[in-house]
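A closer look at the structure
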Amino acid sequence: MNKKRILSGVQPTGDLHIGNWLGAIRNWVNLQKEYDTYVCVVDLHAITVPHNPEKLKSDTLSTAALYIACGMDPKECSIFVQSHIPAHTELCWLLNCVTPLNWMERMIQFKEKALKQGDNVSIGLLDYPVLMAADILLYDADLVPVGEDQKQHLELARDIAQQRINSRFSKDKKPILKIPQPLIMKEGAKIMSLLDGSSKMSKSDPNENSRIGLLDNPDTISKKIKKAKTDQHYGLEFGNPKRPESDNLLGIYSMVTNQSKEKIRKECSAMGWGKFKPLLTDALISSLEPIQKKYNALIQDRSELNNVLKEGTENAKILSGITLQRLKEALGFLETTSI
Ligand code: TRP
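Residues numbered from 1 in each chain as written. Predicted model: local features only at pLDDT ≥ 70, side-chain atom pairs only at ≥ 80, totals over all residues. Heavy atoms only, no water.

**What to know about the overall build of the protein chain**
In terms of regular secondary structure, the protein chain is built from 13 helices and 5 strands. Here the C-alpha atoms of the protein chain give a radius of gyration of 21 Å, agreeing with the 20 Å that 2.2 N^0.38 yields for 339 residues. Dimensions of the protein chain along its principal axes, counting C-alpha atoms only, are 75 × 45 × 45 Å. Look at the contacts in the protein chain between residues 6 or more apart in sequence, and 76% of them connect residues 24 or more apart. Of the roughly 17100 Å² of accessible surface on the protein chain, 52% is carried by carbon and sulfur atoms. Mean positive and mean negative side-chain charge positions of the protein chain (45 and 41 charges, respectively) differ by 3 Å. (Helix = DSSP H or I, 4+ residues; strand = E, 2+ residues; numbered from the N terminus. Rg over C-alpha atoms; globule rule 2.2 N^0.38 Å. Contact = heavy atoms within 4.5 Å. Areas by Shrake-Rupley, 256 points an atom, 1.4 Å probe, with all protein chains shown as cover. Lys, Arg positive; Asp, Glu negative; His and termini not counted. Charge placed at Lys NZ, Arg CZ, Asp CG, Glu CD.)

This is the structure we're talking about:
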């Protein structure tokens, strides 16, 4: 039986942090054997808000290297850079022309990001979810592993494919685009800021102490955990809505030590913050060490990374080319073969 296909991606904006790892990449790692897996570095999404051209290239490379360093196995999956496959922007245009503007204006993430941009909101930012739909639909993805915050974008991709393409342009009821399902990641789906247990750990938070970077050295990790927000209670617990920091840090501890919440609860319920923080620090340092080692090797000698990306790009080109061709035919474009 053919494996079902999954596709996902992360933006190359600055260094990835443990939220990207525990909330996304580590889940892909667990899925890659069971599914036909495509993961891309979504660099075209990274320019929907003002970006730094000097950093885009190195951030793109380091994101791809971190996928591998975190355990994505090039033998099991295809890794590629979104902008290397022109079909993403081409499909995005085709989908733009059938997507109602008011569907876009109600996207929650657009509204949030637009607010931050003041009067400098690009059309690209509004179009971000259509480009994401193109990413997904090009590969006939069955499932898309994403966090809760991306659910609305996935629904949009489904609506565009079903209501605006398949139901309008399919002949003989044969669908043109595959309708993807979300695979909402529960475990680790939301790692919160170290400085505020009620807001998500984010690359765009101006305060670096809010997150642990995957490439942070032991000293930095130790300092950041020391500064992490705590509360007045003694003993740590999961799931108390009044103690989001306790829940978040215990969750991180449970994930990086690969121990069940039950076990961690027992270990930490009678432990004060002063005793817990050094434990968490050590666990973070030792779980990131192998990732950093692999990452450094990949960046120092680029041949392995280049080969992985080359192969991933080839695979992605083949699949995306087929889908794009199918859609263009259905939309009535003149074939190059007929001239
Ligand atoms: N918008 C996604 C995020 O911020 C990133 C993304 C872009 C993506 N294209 C995708 C995720 C396709 C899954 C599939 O997390």
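From this point, the discussion proceeds with the structure in view.
**Brief notes about the packing of aromatic side chains**
On inspection of all chains with the given rule, the structure shows 5 aromatic pairs. Residues Trp28 and Tyr67 carry aromatic rings whose centres are separated by 5.0 Å and whose planes lie at 85° to one another, so their mutual orientation is edge-to-face. Taken together, the residues Trp28 in helix α1 (residues 18-31) and Tyr67 in helix α3 (residues 53-69) connect sequence positions 39 residues apart. Exposure class is identical for Trp28 and Tyr67. Each is buried. With centroids separated by 6.4 Å and ring planes inclined at 75°, the aromatic side chains of Trp273 and Phe276 adopt a geometry described as edge-to-face. Residue Trp273 and its partner Phe276 are both found in helix α12 (residues 273-300); the two are separated by 3 residues, about one turn of the helix. For Phe276, a relative accessible area of 0% translates into the label buried. Members of the aromatic cluster, each reached through a chain of ring pairs, are Tyr38, Phe80 and Tyr139. (Phe/Tyr/Trp six-rings, centres within 6.5 Å; stacked < 30°, edge-to-face > 60°. Buried < 20%, exposed > 50% of the residue type's maximum accessible area, 1.4 Å probe, protein only.)

**With respect to the pattern of salt bridges**
Summed over all chains, the structure comprises 15 salt bridges. Put simply, Lys223 and Asp219 hold a salt bridge, and the shortest N to O gap is 3.2 Å. Of this pair, Lys223 and Asp219 both sit in helix α9 (residues 218-227), 4 residues apart, roughly one helical turn. For Lys223, a relative accessible area of 46% gives the class partly exposed. Here Lys229 and Glu245 are joined by a salt bridge, their closest N and O atoms 3.5 Å apart. Here Lys229, found in the loop between α9 and α10 (244-256), pairs with Glu245, found in helix α10; they are 16 residues apart in sequence, far enough to count as distant. The partly exposed category is assigned to Lys229, whose relative accessible area is 38%. For Glu245, a relative accessible area of 6% puts it in the buried group. A network of salt bridges, in which partner residues are shared, links Asp231, Glu237 and Arg243. (Salt bridge = Lys/Arg side-chain N within 4 Å of Asp/Glu carboxyl O.)

**Overview of α12**
Helix length check: α12 (28 residues) gives 39 Å between terminal C-alpha atoms against 40 Å at 1.5 Å per residue, within 8%. Most pronounced at Glu289, the bend in α12 amounts to some 30°, and the proline Pro290 follows within four residues. (Expected span 1.5 Å × (residues − 1). Bend = angle between axes of the 7 residues up to and from the residue.)

**Structural notes on the site of the ligand**
In the vicinity of the ligand, the residues found are Leu7, Ser8, Gly9, Val42, His45, Tyr128, Met132, Asp135, Ile136, Val144, Val146 and Gln150. In this structure, a nitrogen atom belonging to the ligand sits 2.9 Å away from a side-chain N or O atom of Gln150. Relative to its free-state accessible area of 370 Å², the ligand is covered by the protein chains to the extent of 88%. Counting only elements with at least two residues in the shell around the ligand, the list comes to β1 (5-10), α7 (123-138) and β4 (143-146). A total of 4 residues in the shell around the ligand trace back to one element, the largest contributor, which is α7. For the shell around the ligand, the class distribution of residues is 7 nonpolar, 4 polar and 1 charged. (Near = heavy atom within 4 Å. Polar contact = N/O pair within 3.5 Å; in protein donor to acceptor, adjacent residues only side chain to side chain. Nonpolar A, V, L, I, M, F, W, Y, C, P; charged D, E, K, R; others polar.)

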